Amino acid sequence: MQLAERMAHRAIGSTYPNPPVGVIIVKDKTIIARGWTQSSGSPHAEVHAINQVRNKTELEGASIYTTLEPCSHVGKNPPCVDKIIKYKFAKVFISEIDKNTLVKGKSIKKLRKRKIKVIVKNFSNQTRHINKVFFNSINNNLPYVTLKIASSADGKIATRLKESKWITNSISRQHGHMLRAKNDCMLVGKGTIMEDNPSLDCRLSGLESLSPDLFILDSSLMVPNNYKIFTKFSRNVFVFYSDGRNLPKLNKKNIKFIKVSKKGSELSIKEILNKISNLGYMRILVEGGSHLSSSLIKNNYVNEIQWFRASKIIGKGGVDAVSDMGISNMKSTKNFVLRETKNYENDILNVYRKE
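Rules used in this analysis
Residues numbered from 1 in each chain as written. Predicted model: local features only at pLDDT ≥ 70, side-chain atom pairs only at ≥ 80, totals over all residues. Heavy atoms only, no water. Helix = DSSP H or I, 4+ residues; strand = E, 2+ residues; numbered from the N terminus. Rg over C-alpha atoms; globule rule 2.2 N^0.38 Å. Buried < 20%, exposed > 50% of the residue type's maximum accessible area, 1.4 Å probe, protein only. Contact = heavy atoms within 4.5 Å. Areas by Shrake-Rupley, 256 points an atom, 1.4 Å probe, with all protein chains shown as cover. Salt bridge = Lys/Arg side-chain N within 4 Å of Asp/Glu carboxyl O. Pairing = 2+ DSSP bridges. Right-handed = clockwise from strand over helix to strand, strands pointing away. Axes fitted to C-alpha atoms, helices over the stretch in contact; angles between N-to-C directions. Polar contact = N/O pair within 3.5 Å; in protein donor to acceptor, adjacent residues only side chain to side chain. Arc of directions from axis to C-beta. Left-handed = near helix turned anticlockwise from the far one by under 90°. Nonpolar A, V, L, I, M, F, W, Y, C, P; charged D, E, K, R; others polar.

Give me the lowdown on the overall build of the protein chain, citing residues and values where you can.
Secondary structure assignment for the protein chain yields 10 helices and 18 strands. Here the C-alpha radius of gyration of the protein chain, 22 Å, is about what a compact globule of 355 residues would show, namely 20 Å. In the protein chain, buried positions account for 51% of the 355 residues. Put simply, 68% of the contacts in the protein chain that link residues at least 6 apart link residues at least 24 apart. Carbon and sulfur atoms make up 48% of the accessible area of the protein chain, which amounts to about 18,000 Å² in all.

Printed below as a string of structure tokens:
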């Protein structure tokens, strides 16, 4: 199961709208195959592992270990449980029952009906965390939101002249690119685009193809059509807007405009997250400014914060990482749990999660 969990980790960020699942097949105490959910969710992890075995007669009497209950319904892929039955596996070890109502124990019943032994045992908090992201997307129509912040030691993301290049060091920035590769999509405000004209891609060698799709909050459609995000890439770019003026004519199929309502003077964050989830995206990396960060935190939509702090001091007048949230007493503060700390030379990464 430890190995199956590692396989699931390989798939994170590339499987939407399917969950990242890891699988190990064992015969006579020997691992004969490993599998994980493939790009865009096809094939599923069980089938990917089965396909590694050339002589399918070896599968008879084997055991399969999986981080999530195999699917039992027909979607983009046929039911994985039917493959397990077809090749006469003897045992199926499942780390967690699928809470998707289309599955939710149905595969287990089907396997046991065919006299295949099924053992369900929650293996680790990490596996549960991976699956929880999928369950939240399917059942609550909300993606898992990771907020990335790169600040000075005193919590500033830019100087008073809005200079921010570079606050953190190259190692921290490499980790930031890995976060892009590990998320289905990114969410940014128009200010981030307008100030820097960034590419917002993954620049790690060999992982360039994992640059995430992009969602931009641009209420009045202010971002120029010739900026890099519109011209440099073929990935999907979605622009959320609210006013009724004519949409730009970009003649590119990968760029789409989505109209959303306003809540007060801002675009409705809940509606935006629901629409992103409806499109099948489960993991969002937010690299916005202080206003977007505070809005997401204030409305309890942030699940995880990856906060990089450099050893620099900017002081008064610098741009705060999180803007005013209207908190006047300690009872109103938003509490996160510190889960991990890493040192990157003079930078520190703290990983917080909402429990």
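So much for the structure itself; the text now carries on.
Summarise the pattern of salt bridges; cite the residues concerned and give the values.
This model, assessed by the stated rule, comprises seven salt bridges. Two residues, lysine 156 and aspartate 320, come together in a salt bridge whose shortest N-O distance is 2.5 Å. Within this pair, whereas lysine 156 is found in strand S7 (residues 156-158), its partner aspartate 320 is found in strand S16 (residues 319-320), the two being separated by 164 residues in sequence. A relative accessible area of 38% places aspartate 320 in the partly exposed class. Salt bridges sharing common partners tie together Lys148, Arg180 and Glu287.

Give a description of the pairing of strand S5 (residues 117-120) that names residues and reports values.
When strand S4 (residues 91-94) meets S5, the two strands line up parallel, connected through four bridges. Across the sheet, the residue bridging to isoleucine 94 is valine 120, located in S5. The β-α-β motif built from S4, the intervening helix H4 (residues 106-113) and the parallel element S5 has right-handed crossover chirality.

With reference to specific residues and values, describe the sheet that holds strand S2 (residues 30-36).
Read across the sheet, five strands follow the order S2-S1-S3-S4-S5 without closing on themselves; strand pairing throughout is mixed. The strands lining the two open edges of the sheet, one partner per strand, are S2 and S5. On average, each strand axis in the sheet is tilted by 15 degrees relative to the strand beside it, whichever way the strands run. Lying over the sheet, helix H1 (residues 2-11) contacts strand S1 (22-27), S2 and strand S3 (63-66), oriented at roughly 145 degrees with respect to S1. Along the sheet, H4 contacts S4 and S5; its crossing angle with S5, the most-contacted strand, is approximately 145 degrees.

Tell me about the side chain of serine 14, and please be specific about residues and values.
Looking at where serine 14 falls in the secondary structure, it is placed in the loop between H1 and S1. Here alanine 11 takes part through its backbone oxygen, which lies 3.1 Å from a polar atom of the side chain of serine 14.

Can you tell me about H1, naming the residues and giving the values?
Among the residues making up H1, those that are buried are Ala4, Glu5, Met7, Ala8 and Ala11. Each buried residue of H1 lies within a common arc of 155 degrees when the element is viewed along its axis, so the set occupies one face. Counted as exposed and oriented over 90 degrees from the buried face of H1: Gln2 and Arg6. Buried-residue contacts for H1 involve S1, S2, S3 and helix H5 (125-140).

With reference to specific residues and values, describe the packing of H1 against H5.
Where H1 contacts H5, the two axes come as close as 10 Å, and the packing angle between them is 35 degrees. Here H1 runs over H5; the crossing is left-handed. The segment H1 lies against H5, with Glu5, Ala8 and His9 engaging Gln126, Thr127 and Ile130. Tallied by class, residues from the contact of H1 with H5 come to two nonpolar, three polar and one charged.

Tell me about the environment of threonine 67, and name the residues and values.
Within the secondary structure layout, threonine 67 lies in the loop between S3 and helix H3 (80-86). For threonine 67, a relative accessible area of 3% translates into the label buried. Note: C-alpha distance between threonine 67 and aspartate 98 (31 residues apart in sequence) is 9.7 Å. Look past the residues within four positions of threonine 67 in its chain and what remains in contact with it is Ala4, Glu5, Ala8, Pro20, Val21, Gly22, Ser95, Glu96, Thr127 and Asn131. Within the local environment of threonine 67, its side chain forms a polar contact with the backbone nitrogen of glycine 22, the two atoms lying 3.1 Å apart.

In short, shape yes, function no, at least from these values alone.
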